Amino acid sequence: MTGAPGPTRMDLHHPAETGRVTPLWVGDRLDRFVAEELSRQRLGYRYALITDPRVAARHAAPLEAALRDAGLEVERLVFAGGERGKTRAAKADLEDRLFEAGFGRDAAIVALGGGVVGDVAGFVAATYHRGIPWVALPTTLLAMVDASIGGKTAVDLPAGKNLIGAFHPPAAVYADLAALDSLPDERLREGFAEVLKHALVADAGLATFLDDHASDLLGRRPGPLRHAVEVSIRVKAAIVAEDPREAQRRAVLNFGHTVAHALESATAYGMSHGDAVGIGLVVEADLSATRGLLQASEVATIRRLVGRFGLPTRVPPGLEVDGLVERCEHDKKARRGAPRVALLRRIGAAAGSAAGWTFAVTREELRDAFRRSQESPGG
Ligand SMILES: NC(=O)c1ccc[n+]([C@@H]2O[C@H](COP(=O)([O-])OP(=O)(O)OC[C@H]3O[C@@H](n4cnc5c(N)ncnc54)[C@H](O)[C@@H]3O)[C@@H](O)[C@H]2O)c1
């Protein structure tokens, strides 16, 4: 009898002087495996399982049972979750509950959920008793391929997203593809927007694979899904290993995101992050072409590829272009009012060099790109 393949391990190497490595595991039905790993590693004498209500209802009980079977002590802490739950108050409340439950500095945190759970639980771990270990069990595609890789943790402020946080990498990441079974289609597409981004900035082979298997992937076929997740994680881990603090090349991971953030804020977050990134990838590819970096035919390929994943590819005609340009100028990556964007030199390679991986773009360039997008075919 041939079962599903066992978990795959990839490694994220932290700066050489730290000597640290984060193992990144991808597999199917990993509860028992995670329990065995944690009992072997002895990260803590007690584990706080931090999660949100939706994930708790679907995925917490089997994991807790596996941890207890392995002789580990675990207590569940649920917080509201969702972007609106990603607050300093949520962090403080979790900290109070950890103290009340008697968790000491020899405790460890298990973050089970999407990017919000990972960002908040990881930030709690970063400062609780001046830092305790944590592991990430991402349950959305976005968290598997993006949020749980790279050590950034944060909460939001009314003034903006992710403004307070810390770099505190998890001791390990376990991406259990079985968790995706319960993920709504819209959330799956959102994750694919980031997988597409990874392909476009660093892996032409992944771009071809995504093109060839779009319907398998949207249909959650296990083999192709696992391959896309593994390659995407590898791409992000390699870029982060090279530039953990985003001083240089890690900035290419913002490809598509300056435009995406402008669209999200112009629609008062009525447009989902995934849809905004889909459009952002196409608009920023178009900007790359106007700079003579990318061929027009490659922009067309990217538009088609984004569309194949059910993501929109053009700026809604109703949105006012000057307002979008202004929002780009207030982007946190802007310098002296000039937005800086990552650009492509071909599908699978970001433009740039050691001298810089982002490019200042003018109001006119942005305005023209938004107008061209509004006039382009497609939805
Ligand atoms: N730290 C980083 O480097 C990094 C990178 C990218 C994004 N992020 C952050 O990640 C967050 C977005 O993450 P997200 O999209 O995973 O959002 P999320 O954590 O809010 O999850 C989205 C929704 O899906 C539900 N959900 C999660 N897993 C599920 C499952 N398996 N089945 C059914 N429902 C499930 C959640 O309960 C929630 O309602 C943002 O706050 C963003 O800032 C962080």
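Residues numbered from 1 in each chain as written. Predicted model: local features only at pLDDT ≥ 70, side-chain atom pairs only at ≥ 80, totals over all residues. Heavy atoms only, no water.

Asker: Can you lay out the sheet that holds strand β9 (residues 172–176) for me, pointing to particular residues and giving the numbers?
Answerer: The strand order β1-β2-β9-β6-β5-β3-β4 describes an open sheet built from 7 strands, whose pairing is mixed. Two strands bound the open sheet, and with one partner strand each, they are β1 (8–13) and β4 (74–78). Within the sheet, the average angular offset between the axes of one strand and its neighbour, ignoring direction, is 20°. Relative to strand β2 (residues 21–27), β1 runs antiparallel, the two being bridged by 6 bridges. For R9, the partnering residue across the bridge sits in β2 and is W25. Here helix α1 (residues 31–41) sits on the sheet in contact with β2, β3 (46–51), β5 (107–113), β6 (134–138) and β9, set at roughly 170° to β9. Against the sheet, helix α3 (residues 88–100) makes contact with β3, β4 and β5, and its axis sits at roughly 150° relative to β4, the strand it touches most. (Pairing = 2+ DSSP bridges. Helix = DSSP H or I, 4+ residues; strand = E, 2+ residues; numbered from the N terminus. Axes fitted to C-alpha atoms, helices over the stretch in contact; angles between N-to-C directions. Contact = heavy atoms within 4.5 Å.)

Asker: If you had to explain the pairing of β2 to someone new, which residues and values would you point to?
Answerer: When you tally the buried positions in β2, you get 6 out of 7 residues, the bulk of the element. Bridging between β2 and β9 involves 4 bridges; their strand directions are parallel. Following the sheet pairing, W25 is matched in β9 by Y174. (Buried < 20%, exposed > 50% of the residue type's maximum accessible area, 1.4 Å probe, protein only.)

Asker: I'd love a proper account of the nonpolar core, names of residues and values included.
Answerer: If you look at the biggest cluster of nonpolar residues, it comprises 101 residues, and the most contacted ones within it are I109, L210, L263, F309 and F370. The element that contributes the greatest number of residues to this core is helix α8 (residues 222–242), accounting for 9 residues. When neighbours within four sequence positions are excluded, L210 is seen to be in contact with V195, L196, A199, L217, A228, L305 and F309. (Core = buried A, V, L, I, M, F, W, Y, C linked by side-chain atoms within 4.5 Å.)

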